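These are the residues of each chain, in order.
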Amino acid sequence: MDVSSTSGLAGYTYTPSSNKTDTNTSLAMLNKANEMQANSAEQMIQSVTETTASSQALPDHIGRNINITA
């Protein structure tokens, strides 16, 4: 039996503590990504509401009808 090929397997031992650390790191990265996405969405919503507020200064008759004849 050739034992030399199995000597490298000692480095691949399963350690629950490293698995837990990897999981915690992945969850932290996921939470940070979700936070960044929420901030980005909030900024987009604020920019739309600011645009809507500035367009309300127009007279009532502007922007109600669309001329679709060519």
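Residues numbered from 1 in each chain as written. Predicted model: local features only at pLDDT ≥ 70, side-chain atom pairs only at ≥ 80, totals over all residues. Heavy atoms only, no water.

Quick look at the overall build of the chain now. A count of helical and extended segments in the chain gives one helix and zero strands. For the chain, the proportion of its 70 residues judged to be buried stands at 0%. Carbon together with sulfur atoms contributes 59% to the accessible area of the chain, which is approximately 6700 Å² in total. (Helix = DSSP H or I, 4+ residues; strand = E, 2+ residues; numbered from the N terminus. Buried < 20%, exposed > 50% of the residue type's maximum accessible area, 1.4 Å probe, protein only. Areas by Shrake-Rupley, 256 points an atom, 1.4 Å probe, with all protein chains shown as cover.)

Further remarks concern the pattern of salt bridges. Side chains that differ in sign of charge can pair as their charged atoms come close. Tallied over the full model, the rule gives one salt bridge. Glu-35 serves as the salt-bridge partner of Lys-32, at 3.9 Å between the closest nitrogen and oxygen. Of the two residues, Lys-32 and Glu-35 are both situated in helix α1 (residues 16–55); the distance of three residues between them amounts to about one turn of the helix. Take Glu-35: its relative accessible area is 43%, and that puts it in the partly exposed class. (Salt bridge = Lys/Arg side-chain N within 4 Å of Asp/Glu carboxyl O.)

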